[in-house]
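This is what each chain is made of:
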Amino acid sequence: MFTLLKRTAFAASATAALRPAARRLAHTTTYDWEDPLLLREQLDEEEIAIAQTARDYCQERLLPRVLEAYREEHYEREILEEMGELGFLGASIDGYGCAGVGHVANGLITREVERVDSGYRSGMSVQSSLVMGGIDEFGTTEQKERYLPGMAKGKIVGAFGLTEPNHGSDPGAMETVARPHSTKEGVYLLNGSKTWITNSPIADVLLVWAKLDGEIRGFLVDRSTAGDSLSTPAIKNKSGLRASITGMIHLTDTPVLASNLFPHISGLRGPFTCLNSARYGIAWGTIGALEDCLARARAYSLERKQFRGNPLARYQLVQKKLADASTDVAYGLAAALQVGRLKDKGLATPEMISMIKRQNCDRALVGARALQEIFGGNAVSDEYHIGRHVANLFVTQTYEGQSDIHSLILGRAITGVQAFC
């Protein structure tokens, strides 16, 4: 399971890190503000090693790049190759060069990536959960063998095309359509547009959902065979997730071979299955972002002197903000861990994932905004990082099911009454 990760240079440091981690596992009566409810007590050695590998990579390789990437709206495709070398891509998939780790371990990776930036996690999640996960779940053996090994290495980049300009929270009303080619047997032609698509400008394969004879079907659109019928312009001047690359997908009689159609899945169950996998990762990731906000706000409040030379940390309102955020971190991680354990046992339901995605996104956004106030006017400077996290967390609360949508999913499960209308 962990062999792919162990082949990397970073994994060597993770093995050494197990020793101090094991010492920390010893009983202590000292409160640890960085791990309030001792999450690490519930992790096995492999999970601790994977988390340490992810922490080392993200802090050493991603963090030094993030400010320039955010300022310039620049995403390096090489990041996916670096993640592929570490085994982060499609980490919970068995075979095809993937690491095959458990869902908890995969969540721990996601937490560390988003601790640096939500955009970096978004690029990884689309590659891993939405596209690779979709191919693994619904693809043919030939499709899996053709795409998954290259995607696991980051050599093939994927994008997921569901959201449309006129249809965000209502994907069932999508207007993108597919029809059989009139003269070429075994070929479909796709027409329509998708928007707010992470990775689309650099994607080699795009998992596009379109209506065929009125039913939603999944098509793997390969850029190498699409020609000029496919365009994927970037969406610029975003106010959040600027360190990831976002674009559109325009399809004009775009040819797709029948061998690139998912053969046995139709309707919204296909895209929603992929989205549930990504939403689970977001529940871990957003708490990672809040953890970074908490650490930075704590450090700032201890260093910043105001009113008779006192540190900000001495004041009650500041301590309450820190306490609220710390509580949300602890509860959010506990919930994500529980659902991850249930996923590993095959017991997790979509409603559980809606609950943790909604709650953790909402609380991370509320917490980050409150912690931002500790910085006062300095929060405007991106060198303090807090404003970037706040802007990103608004997006994570909105995409892959805005929080109100997840409220309705939970309400339906509680009452049995459909409120989508």
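Here, residues in each chain are numbered from 1, in the same order as that chain's written sequence. Given that the model is predicted, a residue must reach a pLDDT of at least 70 before its local features are reported, and side-chain atom pairs must reach 80 or more before they are shown or counted; all residues, however, enter totals for whole chains, interfaces and linings. Excluded from the side-chain calculations are hydrogens and water; all other atoms, namely the structure's heavy atoms, are used.

When helices and strands are counted, the chain shows 13 helices and nine strands. Every radius of gyration here is taken over C-alpha atoms, with the globule rule written as 2.2 Å times N^0.38, N being the number of residues. Taking 22 Å as the expected radius of gyration for a compact globule of 421 residues, we find that the chain reaches 22 Å, a close match to that expectation. C-alpha extents for the chain along the principal axes are approximately 80 × 45 × 45 Å. Going through the 421 residues of the chain one by one, you find that 53% of them count as buried. Starting at the N terminus, helices and strands are each numbered in turn, a helix being any DSSP run of H or I of at least four residues and a strand any DSSP run of E of at least two. Residue exposure (1.4 Å probe, protein chains only): buried if accessible area is under 20% of the type maximum, exposed if over 50%, otherwise partly exposed.

A few words now on unusual backbone geometry. You will see that L38, though not glycine, has its phi angle at about 55°, which is positive. Note that L38 resides in the loop between α2 (9–24) and α3 (45–72). L38 gets classed as partly exposed once you look at its relative accessible area, which sits at 27%. Even without glycine at this site, R308 takes up a positive phi of about 65°. Inspection of the secondary structure assignment puts R308 in the loop between β8 (305–306) and β9 (310–311).

Our next topic: the pattern of salt bridges. We define a salt bridge as a side-chain nitrogen of Lys or Arg found within 4 Å of a carboxyl oxygen belonging to Asp or Glu. Counted by the stated rule, this structure contains 23 salt bridges. For R121, the salt bridge identified is with E114, shortest N-O distance 2.5 Å. For the pair R121 and E114, one class covers both residues: buried. Through salt bridges with shared partners, a single network forms among R55, R111, E112, R115 and E291.

Let us now look at the side chain of E112. Relative to the helices and strands, E112 is located in helix α5 (residues 103–116). A relative accessible area of 3% means that E112 is categorised as buried.

Attention shifts here to the packing of aromatic side chains. To pair, rings of Phe, Tyr and Trp, with the six-membered ring standing in for Trp, must have centres within 6.5 Å; the planes then decide the type, stacked if under 30 degrees apart, edge-to-face if over 60, and tilted in the middle. Considering all chains together, one arrives at ten aromatic pairs under this definition. Pairing F375 with Y384 gives two aromatic rings, centres 5.9 Å apart and planes at 70°, and the pair type is edge-to-face. Judged by its relative accessible area of 3%, F375 falls in the buried class. Cluster of aromatic residues (ring-pair linked, three or more members): F138, F160, W209 and F262. Above the face of the Y70 ring, R242 is positioned so that its terminal group lies 5.8 Å from the ring centre. Whether a charge sits over a ring comes down to the Lys NZ or Arg CZ being within 6 Å of the ring centre and within 35 degrees of the ring normal.

Turning to the packing of helix α6 (residues 118–138) against helix α7 (residues 141–152), a few remarks are in order. A fitted line through C-alpha atoms serves as each axis, taken over the contacting stretch for helices, and the angle formed by two N-to-C directions is quoted from 0 to 180°. Between α6 and α7, the least distance of the axes is 9 Å, while the angle of their chain directions is 160°. In terms of orientation, α6 lies roughly antiparallel with respect to α7. Seen along the crossing, α6 lies across α7 with a hand that is left-handed. Across the interface between the two elements, Q127, V131, M132, I135 and D136 from α6 touch Q143, K144, Y147, L148, M151 and A152 from α7. An angle below 35 degrees is treated as roughly parallel, one above 145 as roughly antiparallel, one from 65 to 115 as roughly perpendicular, and anything else as oblique. Throughout, a crossing is termed right-handed when the near helix is turned clockwise from the far one, and left-handed when it is turned anticlockwise from it by less than a right angle. Residue contacts are counted whenever heavy atoms from the two residues lie within 4.5 Å of one another.

On to the packing of α6 against helix α12 (residues 386–398), then. Remark: α6 packs on α12, axes separated minimally by 9 Å, with the N-to-C direction vectors making an angle of 35°. In this structure, α6 contributes S118, G119 and R121 to the contact, and α12 contributes N392, L393 and T396.

Moving on: the nonpolar core. Buried Ala, Val, Leu, Ile, Met, Phe, Trp, Tyr and Cys residues form a nonpolar core when they are joined through side-chain atoms within 4.5 Å. Judged by nonpolar contacts, the single largest core of 53 residues is most densely connected at L62, M83, Y120, F160 and W209. Residue assignment for this core shows that the elements contributing at least two residues are α3, α4 (78–86), α5, α6, α7, β4 (205–212), β5 (215–222) and α9 (269–303). In this structure, L39, V104, L108 and A364 belong to the second largest nonpolar core, which totals 37 residues.

The first and last C-alpha atoms of α7 sit 16 Å apart over twelve residues, in line with the 16 Å expected at 1.5 Å per residue. Looking at α7, one finds that the buried residues are Q143, K144, Y147, L148, G150, M151 and A152. Just downstream of α7 lies G154, where phi reads positive at about 80°. To estimate the expected span of a helix, count its residues, drop one, and scale the result by 1.5 Å.

Note: two strands are recorded as paired if DSSP finds a minimum of 2 bridges between them. Pairing of strand β2 (residues 177–180) with strand β3 (residues 187–198), which is carried by four bridges, proceeds in the antiparallel orientation. Among the inter-strand pairings, V177 is bridged to a residue of β3, identified as N191. Two successive antiparallel strands, β2 and β3, enclose a turn made up of six residues, where G186 displays a positive phi of approximately 80°. In terms of strand pairing, β2 meets β4 through two bridges, oriented parallel. Note on β4: the bridge partner recorded for V177 is K211.

This paragraph deals with the confidence of the model for the chain. Parts of the model with low pLDDT should not have their predicted coordinates read in detail. The score called pLDDT rates the predictor's confidence residue by residue, from a low of 0 to a high of 100. Mean pLDDT for the chain: 93, with 93% of residues reaching 70 or above. Scored below 50 in pLDDT, residues 6–19 shows 20 contacts in the model against residues more than four places distant or in partner chains.

Two faces belong to every sheet, and in a regular strand the side chains alternate between them. Side chains G158 and F160 project from strand β1 (residues 158–161) onto one buried face, and the interleaved A159 and G161 project onto a second face that is buried too. One ladder, built from four bridges, connects β1 with β4; its direction is parallel. Bridged to F160 within β4 is L207.

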